[in-house]
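Okay, here's what each chain looks like letter by letter:
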Amino acid sequence: MAHSQGAIAPQSHPNALSQPHQSVFVAISPFQRGLILGSMVLYITWIGLQHLLHPVGIAAIGNIQLALLLNLSLLSVPFIWQPPGLGWFHPLVFVPLMMLSEHLQRTAVYVQGLQWHAALPGWSGEQLSQLVCEELLLRSLALLALYAGFVLVPRLPIPTFAAVGNSPRLASKVVLTVMISVGIFAAYMQTRGGIVAHIVSWGGGRRLGLAGDAYWGLLIQLGLIACLTWFAVDRQSASRPLFWGCAGVSLGIIFLFSGSRSGIIYPLFLGLLVWLLRERRIDTTKIVTLMLIGVFLIGFLGEFRRSTFDGEIDWDLLTGESADSSALVTGLDEIAARSSVGDAAFPILAQVPHEVDFLYGQSYLAVLVLPVPRAFWPEKPGLVGGLTGTTFFGGMAGVPPGAIGEAYWNFGVPGVFAVFLIFGAFCRWLATVFQHNIQVPVAIVLYVITLFYFFDPSSPNFVTWLRLLVLSLLFLKISGLMPQGDRPRTVLSR
């Protein structure tokens with residue numbers, strides 16, 4: 001395989017795994033396994049002690065602790081059962097880790113119960129805490145279905161791509177792609193009356209303001225995909241100012257287009273995952289640093305976006321008090337609120353099907369008909385985020401319900417089991433595809449995008465993943481990293 005200009009050659013670079021029993025997903029050492037399992041035990045023990053030392057008078061607190069204990073026990077399965085090849089970024093480990101991080105965000109709820117919810121203002125703390133218990137039980141059911149789908153999946157066709165190490169003048173192609181994205185962004189700003197008018201429009205609701213403009217955003221993201229591919233294929237890219245300039249411009253125009261903080265934060269984590277998988281090692285310093293940056297950006301950019309609610313932009317926020325450590329506190333508070341008082345799964349469990357009918361697959365159908373212009377089908381189903389916001393929160397802002405909330409809203413408890421059973425089969429297939437194509441450098445890009453954007457199998461995540469996957473394949477074709485006319489061969493998975 002050609003690997004000029006610092007291209008990655010997985011079997012030859014210094015950090016490559018030379019022993020067959022080690023994992024291409026970054027092996028988990030016995031010490032790390034013990035640390036994770038020990039942390040789970042300490043976490044549930046600490047919560048139990050808080051209940052004993054500081055009782056809150058809510059009977060459902062005990063049920064929450066039992067349901068949490070069950071869920072943590074199931075989350076520990078990948079760290080106890082370690083078949084060959086399992087690693088930190090294997091789907092069977094990464095998905096439970098993401099679920100575990102959601103528990104940490106809800107710690108206050110597990111200790112004090114849920115006292116109030118934005119979509120259920122008339123409910124008592126006892127009633128809301130019972131909903132927390134029910135949601136935890138559904139999480140446990142989802143995990144059982146995930147494991148069952150992973151273990152019981154039959155053999156599926158596995159695509160094998162041509163091994164292209166690098167593309168001539170890749171840096172020039174990335175720069176050109178970023179320039180095209182900037183040009184498309186500039187053209188879009190003209191249709192919005194200028195960048196200032198566009199940012200001010202966020203105050204009236206970004207979902208409505210950007211309605212029908214998603215295809216602009218898709219093209220604007222192409223530059224970011226080009227940068228991510230360059231970073232994955234060429235290890236020397238990180239030492240080149242040109243790369244960081246392209247990456248910074250790409251992140252900037254994505255945020256200015258959508259106002260979405262995840263448009264900046266998620267790509268940073270994508271880059272980190274690419275680096276960790278490429279180097280096949282865990283760097284705790286990089287992980288913690290990027291987590292702090294992410295929390296800071298949630299608070300800082302959130303304040304900047306909220307300034308538009310009054311119909312103008314507070315530019316002083318870019319250099320004022322929000323640009324300090326207080327943004328970390330704001331970011332942490334918002335993360336906790338999203339997983340508690342703003343979590344859409346709770347009103348779904350409370351009102352479906354007694355007050356709100358099942359969707360019977362409508363939110364999943366909306367994904368299939370997404371390419372159909374609304375001008376041709378005015379009444380076509382809307383995406384579930386917007387539907388959740390209007391139905392349960394009484395507002396026009398979209399609120400993602402999560403995979404469990406969406407599956408329950410569609411088909412009840414059987415829907416949760418079915419969705420995660422299929423997802424478990426997909427995780428098995430995804431891991432096998434990556435292992436089979438590990439010699440192809442661009443496989444890291446496609447795998448990381450899939451793993452990060454689709455670890456929670458909800459339709460909004462599926463739409464985001466599908467868009468980025470299409471962009472990635474497009475850039476791989478036009479850059480020559482995936483040969484023109486090449487058709488992936490298929491083999492049966494083991």
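Let me begin by describing the structure that accompanies this report. Keep in mind that what you see is a predicted model, and the values were worked out from it rather than measured.

Turning next to unusual backbone geometry. A cis amide bond links V352 to the next residue, P353, at an omega of 5°. Note on placement: P353 falls in the loop between α16 (345-351) and α17 (362-368). Backbone geometry places V26, a non-glycine residue, at a positive phi of 75°. Note that V26 resides in the segment before α1 (30-53). Here Y360, not a glycine, exhibits a phi torsion of approximately 55°, which is positive. Secondary-structure assignment places Y360 in the loop between α16 and α17. Classification of Y360 as exposed rests on a relative accessible area of 55%.

Here helix α4 (residues 91-105) spans 21 Å end to end across 15 residues, near enough to the 21 Å set by a 1.5 Å rise per residue. Residues of α4 that are buried include every one of P91, L92, V93, F94, V95, P96, L97, M99, L100 and H103, and no others.

So, about the nonpolar core. Core analysis: the biggest nonpolar cluster contains 115 residues, and F89, F420, F434 and I449 have the highest contact counts within it. Here this core gets 13 residues from one element, more than from any other, and that element is helix α19 (residues 402-436). Counting residues in each nonpolar core, the second largest holds 21 residues, with M189, W202, F255 and I313 among its members.

This part takes up the environment of F185. Secondary-structure assignment places F185 in helix α7 (residues 170-191). Excluding anything up to four places from it in sequence, F185 contacts I195, I220, I253, L256 and F257.

Another point: the packing of aromatic side chains. Going through the model one piece at a time under the given rule, you end up with 25 aromatic pairs. Geometrically, the ring pair formed by F420 and F423 is edge-to-face, given 6.2 Å between the ring centres and 85° between the ring planes. Taken together, the positions of F420 and F423, both in helix α19 and three residues apart, correspond to about one turn of that helix. The exposure class of F420 is buried, given its relative accessible area of 1%. With centroids separated by 5.6 Å and ring planes inclined at 80°, the aromatic side chains of F426 and F454 adopt a geometry described as edge-to-face. Residue F426 is found in helix α19, and its partner F454 is found in the loop between α20 (443-453) and α21 (459-479); the two are separated by 28 residues along the sequence.

Conventions used here
- Along each chain, residue indices are assigned from 1 in the same order as the chain's sequence is written.
- In keeping with the predicted nature of the model, local features appear solely for residues at pLDDT of at least 70, side-chain atom pairs appear and are counted solely at 80 or more, and the whole-chain, interface and lining totals rest on all residues.
- Neither water nor hydrogens contribute to the side-chain values; these are computed over all heavy atoms in the structure.
- A run of H or I in DSSP becomes a helix once it reaches four residues, and a run of E becomes a strand once it reaches two; helices and strands are each numbered from the N terminus.
- Remark: exposure states derive from per-residue accessible area (1.4 Å probe, protein chains only) relative to the maximum for the residue type, with buried under 20%, exposed over 50%, and partly exposed in between.
- Given the number of residues in a helix, its expected span is that number minus one, multiplied by 1.5 Å.
- Only buried residues count toward a nonpolar core. Its members are Ala, Val, Leu, Ile, Met, Phe, Trp, Tyr and Cys residues joined through side-chain atoms within 4.5 Å.
- Residue contacts are counted whenever heavy atoms from the two residues lie within 4.5 Å of one another.
- In summary, the pairing rule links any two rings of Phe, Tyr or Trp, Trp by its six-membered ring, whose centres are within 6.5 Å, and it sorts them by plane angle into stacked for under 30 degrees, edge-to-face for over 60 and tilted for everything else.

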